[in-house]
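Tertiary structure, described
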Amino acid sequence: MEDGHKEKMENDGQNVDLPPEMMHEIASRLPVKPLCRFKLVSKSWESLISDPDFVANYSKAAFENEDVFFRRRRLLFTFVDSGQRGMYSLDLDRFLNENPNVGVDGSVAAPIELDFVYSHLPRGGYDWVPRVFYSCYGLFLSRLCSGDCSYSLINPVTKESKKLPDAPLWRLPMKPHFRIGIGFDHSTNEYKVINGQQNDDGVVFSVYTLQIDSWRKIDCLFPYRVLGRYDGILVNGGVHWFARKVSDESSVIISFSLAEEKVREIELPSNNAFTHRIQLGAFRDWLCITSSSIYSVTFNEFWVMKNYGVSESWTKMRVFKPYEKLSHSGFWTKSHDLMVFNRSSLVMYNFNDDTY
């Protein structure tokens, strides 16, 4: 680095001085794999490419590009069976384009085990029970369900993972129930992990950011009891959970705004007749409510909120393939959505003509 402003590189025996803005421009245009190789060029390149601000802007730009959004998608999942366990990444573009050729040319897109994740786990992950939470711009949030029950951020493309520091217990001595979520704050260009600590009289939220690498408490007790799943649903710049009001026990959806760091209420579908357990999720860019069964009962409809925050926009959708549990993978094309049926089957479903 020359005077802290330029990087010198060898090119045919000559020194080439690159200003920081040119380095940034070059790096921002590279695909992921060459970008990772550029980290080996020099400490300055490694520092730039590893910088949280650059990572955030690079990921944001990639997902705002429609071609990249539809093609570069990965499904992260865990496997636990008969003492075997692991975390895997599936390139959905390769899976959808190559798997139809099985039996023709032998081409198969298979999941790749993310064994690099085990490096920071106790005993190399020997007693690790993995759990994957929702993703944001290519980063995944995972929880260690044994030992210290810690959380990690995982980037399956760059093969990097980071263990998060424990969030402080804000209201001692009672040990509260925890809620967690991840999102990207477009107003500050930074990733945020949201921690909610549930007590009898409300929930206390705190925020973790990669840039600071620490937790910050939101100085407010929000009068809700968060229900159901531990992981929050990211939609429209907010992380969402089912909740009940402390005041009257009525059910609502609460949204923690990543930009404003405030909580708002969203009404459930009016006159709904939910007779079974329900699950909050995301369908494309919409909030979604599906039914969930533990007694082999099947369903063929679910709700989506097509106009965010407008209760009248809740719309019932039908699916002709019965399900016990249903979720959206986060991947879709202009005509099809990749749905996860019963936590085990990936189905490309066309909701325009109900084919799959």
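Details of the structure are given in the entry above.
Summarised in this report is the structure supplied together with it. The shown structure was predicted, so the numbers you read here are calculated from the model rather than taken from an experiment. (Residues numbered from 1 in each chain as written. Predicted model: local features only at pLDDT ≥ 70, side-chain atom pairs only at ≥ 80, totals over all residues. Heavy atoms only, no water.)

Here the focus is the overall build of the chain. Counting its regular elements, the chain contains 6 helices and 25 strands. Within the chain, buried positions represent 41% of all 356 residues. Sequence-distant contacts, at least 24 apart, represent 42% of the contacts inside the chain between residues at least 6 apart. (Helix = DSSP H or I, 4+ residues; strand = E, 2+ residues; numbered from the N terminus. Buried < 20%, exposed > 50% of the residue type's maximum accessible area, 1.4 Å probe, protein only. Contact = heavy atoms within 4.5 Å.)

For the rest of this paragraph, the subject is the nonpolar core. Counting residues in each nonpolar core, the largest one holds 16 residues, and the members touching the most others are Ile 194, Phe 205, Trp 241, Ile 254 and Phe 256. Breaking this core down by element, the ones donating at least two residues are strand S12 (202-209), strand S13 (214-222), strand S14 (224-226), strand S16 (238-245) and strand S17 (251-257). (Core = buried A, V, L, I, M, F, W, Y, C linked by side-chain atoms within 4.5 Å.)

Taken as a whole and judged by the stated rule, the model has 12 aromatic pairs. For the pair Phe 205 and Phe 256, a centre-to-centre distance of 5.0 Å together with 45 degrees between the ring planes defines the contact as tilted. Taken together, the positions of Phe 205 in strand S12 and Phe 256 in strand S17 put the pair 51 residues apart, joining distant regions of the chain. The exposure class of Phe 205 is buried, given its relative accessible area of 0%. The ring of Phe 320 carries Arg 318 above its face, with NZ or CZ at 6.0 Å from the centroid. If you follow Lys 321 out to its NZ or CZ, it ends over the ring of Phe 341, 5.4 Å from the centre. (Phe/Tyr/Trp six-rings, centres within 6.5 Å; stacked < 30°, edge-to-face > 60°. Lys NZ or Arg CZ within 6 Å of the ring centre and 35° of its normal.)

It is worth spelling out unusual backbone geometry at this point. If you check the backbone angles, Glu 261 has positive phi at about 55 degrees while not being a glycine. Here Glu 261 is to be found in the loop between S17 and strand S18 (263-266).

What follows deals with the side chain of Ser 311. Within the secondary structure layout, Ser 311 lies in the loop between strand S21 (299-305) and strand S22 (314-323). Engagement of the side chain of Ser 311 in a polar contact is seen with the side chain of Glu 312, the distance being 3.5 Å. When near neighbours in sequence (up to four residues on either side) are disregarded, Ser 311 contacts Glu 267 and Met 305. (Polar contact = N/O pair within 3.5 Å; in protein donor to acceptor, adjacent residues only side chain to side chain.)

Along any regular strand the residues' side chains alternate between the sheet's two faces. Most of strand S20 (residues 286-292) is tucked away, with 6 of its 7 residues classed as buried. In the sheet, strand S19 (residues 277-283) pairs with S20 via 7 bridges, with the strands oriented antiparallel. Across the sheet, the residue bridging to Ile 278 is Ser 291, located in S20. Connecting S19 to the next strand, S20, in antiparallel fashion are 2 residues, including Arg 284 with a positive phi near 55 degrees. When S20 meets S21, the two strands line up antiparallel, connected through 3 bridges. When the bridges of S21 are listed, Leu 287 appears paired with Met 305. What sits between S20 and S21 in their antiparallel hairpin is a turn of 6 residues, with Ser 296 showing a positive phi close to 60 degrees. (Pairing = 2+ DSSP bridges.)

Bringing the environment of Thr 209 into the picture now. Note on placement: Thr 209 falls in strand S12. For the pair Thr 209 and Leu 164, spaced 45 residues apart in sequence, the C-alpha separation works out to 9.8 Å.

Next up on the list: the pattern of salt bridges. Going through the model one piece at a time under the given rule, you end up with 9 salt bridges. Lys 192 is the salt-bridge partner of Glu 261, the closest N and O atoms lying 2.9 Å from each other. You can see Glu 261 sitting in the loop between S17 and S18 and its partner Lys 192 sitting in strand S11 (residues 190-199), a full 69 residues away along the chain. The pair formed by Glu 261 and Lys 192 is uniform in burial state, with each residue classed as buried. The residue Glu 249 makes a salt bridge to Arg 225 at a minimum N-O spacing of 2.4 Å. With Glu 249 in the loop between S16 and S17 and Arg 225 in strand S14, this residue pair connects regions lying 24 residues apart in the sequence. Given the relative accessible area of 28%, Arg 225 is considered partly exposed. Sharing partners across several salt bridges, the network here consists of Asp 185, Lys 192, Arg 216 and Glu 261. (Salt bridge = Lys/Arg side-chain N within 4 Å of Asp/Glu carboxyl O.)

Time to look at the sheet that holds strand S10 (residues 177-185). An order of S10-S11-S12-S13 is seen for the 4 strands of this open sheet, with the pairing classed as antiparallel. Only two strands of the sheet have a single neighbouring strand rather than two, namely S10 and S13. Between one strand axis and the next, the sheet turns by 25 degrees as a mean value, whatever way the strands run. Pairing geometry for S11 and S12, over 8 bridges, is antiparallel. The residue of S12 that forms the bridge with Gly 196 is Phe 205. (Axes fitted to C-alpha atoms, helices over the stretch in contact; angles between N-to-C directions.)

So, to be careful, I would describe these as geometric facts and stop short of saying anything about function.
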